[in-house]
Structure formats: structure tokens, C-alpha cells
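Residues per chain are reported as follows:
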Amino acid sequence: MRTVIRGGTLVSSDGAAPMDVLVQDERVAALAAGFSGLADTWQEGADHVIDATGKYVVPGGIDAHTHMEMPFGGTKSADTFETGTRAAAWGGTTMIVDFAIQTKGASLLAGMDAWQAKADGVCAVDYSFHAIISDVNETSLKEMDELVAQGVTSFKLFMAYPGVFYATDSDILRAMDRAASNGALIMMHAENGIAIDAIVGAALARGQTDPVFHGLTRPAEMEGEATSRAIRLAQVTKAPLYIVHLSSTPALAAVVEARDRGQNTFAETCPQYLFLSEDDMARPGFEGAKFVCTPPLRPREHQAALWRGLRTDDLSVVATDHCPFCFAEQKELGIGDFTKIPNGLPGVEHRMDLIYQGVVAGEITLARWVEVTSTNPAKMFGLYPRKGTIAPGSDADIVIYDPAVTQTISAATHHMAVDYSCYEGMQITGGVETVFSRGRQVISAGSYTGEQGHGRFVPRDLSRHIR
Ligand SMILES: [Zn+2]
């Protein structure tokens, strides 16, 4: 199978230039400067020729933080690996990295097996896993080495959720020590869960049960404190550290300070922290529950600092933390008690479009859009240069993006298996036109042309951002 994509502007993390792309089977075979005439010779015997005139040709998005069909408080997130990866494809994301959860008291490897079984044979695009460590002990520490050998090279710990995923400083230190020796990357949910639980308890005792109190009981300072602590623990062990879903200025300040010292510290943020705010959680009635995620949406003042962090590379990656729960029956579990609202937002479909709005608004460059949504996640999680770039030999995960179209985000038209959108009615400039996953067209002319099970598990190398 031979495909020629010609006439477009190829955008990489280095810049943009008119380039034609030759795809042979699952890989990129060659690039040629536009107008070089080479594409004319490629066209002979090609199965498909795509005219990308006026469009951007970009590497497929990589969403390094999703939670498909994740158990939470007696329910589970609404997208399966099948529906979630299909929605990802619609939005120009051709790879997700989800989280396999270790059940407390069970083994890390058993958690991985359980998540592999959920994803096996159903995904529309490629996928991989991080492992969540719920139980740090001698066995799970040894299993980290084994998972690294299997291509699972990143491990997430939680400083939040006492009694569920919470890791003590001792647990964190031991896991970091192991990562320092086996080359893995430690990912941290950085919020001081012990202090937050006390604040939550006091709020409930005062009868403060509305959704907005989810946010008000998790102050940004508690994210800043935990981020600083994680950074210092990592410094002692010399382990690289990646802060997930960074949402606030105190946490960003801690990351900036560490990076300025030269410590291997990285952070991701998510579209919801760039576009939504505490005001959304305070919408009347119970509607605010649609916006309950952790860390919570912050006051609008934090957003400018996050955009600046994206420009300066203090924030290296944009992921979604996609963890959708329907408003009906799922979010509604928390009526009368915000602590019972399942935490998480839908987002996997709109990350590329939303961050492109940063290009439209002049917050980031076109090249930086590609870098934070594709190239950096590929490097950070050991997928580069197989993913995250359009170069000879790389997987032909390619998005043709039309900067001229406009669209309106709505639950009525999105493809995620959830009954609302956080961005309902939002006008977007730009849109995905065609998507290739390993050389196969999965989105074409407004329809899904992919296939359940086309997506494969991708074992990962060690992070390239480290050392
Ligand atoms: Zn998450």
C-alpha cells in the first residue's frame, strides 16, 4: 500500500515547510520538498494520492494520560478502549498511553494483565500503558524492573487519595530509588491528600456539599506543597520526575525552580486547566459536577501562567487526563455530597483542536503545538522517533489539519461515550480532516474508516528526556 500526501505544509517541532510525504505500508518512506517534482514520480503506482494543499500535515497526536473504563467509586469511566480510541482518532490523536492499576494487595503484573485484556483487540489506534503503583513493597519494586523489560517504562504514584492510592513519603522514596536504578520515569499526582481530607471533612461538617466545594477544599497551595515535596524526594534519589496534570501557579513555580537548578523535572498540563475555571464548577444547581476533576479547575488567573509555562518548556506536554463520567447516573451519584461525584472529565477527542486555539490566539507557535501534543510526549515516554515525528522510518501516524474550517464543540456531535461536553457551544478554528494510523486512513472526509483492533500495544523504550 502506497500513499502520497502532497501539497501540504509539514509541521514538526522545528518549524513548518512545504513538503510531500510518501507512505509505504505502515511507515513513512520518504519526504520531499514541495515543488521538487519527486511526488510526481511517487504518484505512479500509488494506491492513494491525497491533496493537502492549504492544510497542515502533522504527526498524529499522542495523549499520554487517559483512563478508559477505569473503576471509580463503584462505577467506571464511560469510554471503553474501543469508544475512547475511536474518539481519539476523530480528534487527530493516534496513540494513547493509559494507566494499568495495581489493586492494593495484588501484584503490579496482575494489574497490567487486567488492563491489557481490556484493550486487546478493540482499539482503533495504538496504545500503551503506564503502571499505577498502589502498594509499594519488595514484590512490587521487583516487578517494576520486569515491567520496564516489557516496555512499560513509567510508573505513577499518588500523594492524594488517602486509603485508596495514597503513597507515603517512604513509599515514594523507595519507588524513586528503584526508578533511578532501572531508568524508569516516576509520574506523580501531586496534591497533599492528608491535609485536603481534613479540609474536606470540615466543609462537609459545615453542610457545604455543592460541587464547587470539590474545588474550594483542594487549594492550589496543597498542589504546590506536594509538587515541591515530590521534587525534593526525587532530588535525593536522583530519579527523574514527571508531574501529571499540573493545574496551578504554586505547582508551576516549584517545577520552574527545580528546572532552573538543572533537576530532571518535567510537567504536563491539560486543556481543562487552560480553558475552564472554578467558575464552571460553581454553575447553578448540580451542573458544576460536570466540571469536577482532580486537581480541580482553578480560578481563571492561573491560566496565563500555564500558557507561559507551555511557551518556556516548563510545561513540556499537554495530555487530557480523559476520564469521562456521564452526567446522568454517574456524576449524579454526588448529589448532596460532592465527595461522591466521580472525578474526571471527557477530553480525548478535543485536545489537538483546543491547543490549536493557542496557536490562533498567539499563545504558542505552530511548531510548539506539534511539540507539546506529539513530539514531546513521544520523547518523554520512549516512543520517539517511531512516533511523534514524520520522518523516514517512523510510523505513518499522520494528521491532515485544515486551519480554515470552523466547528462548534457539542455533545450532540462528539464521539466520546458521554452525555455532555465541558466545551458545549465553544467555537473552534481549525479541524482534523484526515487521519492515518500506521498508514491506514482511519478518519476520511468526515467519516470513520478505521477498524476495531487495528490499534496495537506499543512497548516503550526509556524516556529520552532523561540524562
Ligand atoms: Zn489521571
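These notes cover the structure that comes with them. All of these numbers come straight from a predicted model, not from anything done at the bench.

Topic: the pattern of salt bridges
Overall, the coordinates contain 29 salt bridges when judged by the stated rule. Across the pair arginine 86 and glutamate 82 runs a salt bridge, and its minimum N-O distance is 3.3 Å. Remark: glutamate 82 and arginine 86 occur in helix 2 (residues 81-90); sequence separation between them is 4 residues, near one turn of the helix. As a salt-bridge pair, arginine 174 and aspartate 171 come within 2.9 Å of each other at their nearest N and O atoms. With arginine 174 and aspartate 171 both in helix 5 (residues 169-182) and 3 residues apart, this pair spans about one turn of that helix. Residue aspartate 171 is classed as buried on the basis of its relative accessible area, which comes to 15%.

Comments concerning the coordination of the zinc ion
Within the protein, the atoms that donate to the zinc ion are His65 (NE2), His67 (NE2) and Asp321 (OD), at distances of 2.0 to 2.2 Å. Site description for the zinc ion: donor spacing in sequence, H-x1-H-x253-D. Of the residues examined, histidine 67 reaches a relative accessible area of 6% and is grouped as buried.

Section: the pairing of strand 2 (residues 9-12)
In this structure, strand 2 lies alongside strand 3 (residues 15-24), joined through 4 bridges in antiparallel fashion. Each residue of the ladder has a partner; that of leucine 10, found in strand 3, is alanine 17. Between strand 2 and strand 3, which follow one another and run antiparallel, lie 2 residues. Where strand 2 and strand 6 (residues 56-59) come together, 2 bridges link them in parallel fashion. What sits directly across from leucine 10, in strand 6, is valine 57.

What counts and how
Residues numbered from 1 in each chain as written. Predicted model: local features only at pLDDT ≥ 70, side-chain atom pairs only at ≥ 80, totals over all residues. Heavy atoms only, no water. Salt bridge = Lys/Arg side-chain N within 4 Å of Asp/Glu carboxyl O. Helix = DSSP H or I, 4+ residues; strand = E, 2+ residues; numbered from the N terminus. Buried < 20%, exposed > 50% of the residue type's maximum accessible area, 1.4 Å probe, protein only. Donors = N, O, S within 2.8 Å, 3.2 Å for Na, K, Ca; no water. Pairing = 2+ DSSP bridges.

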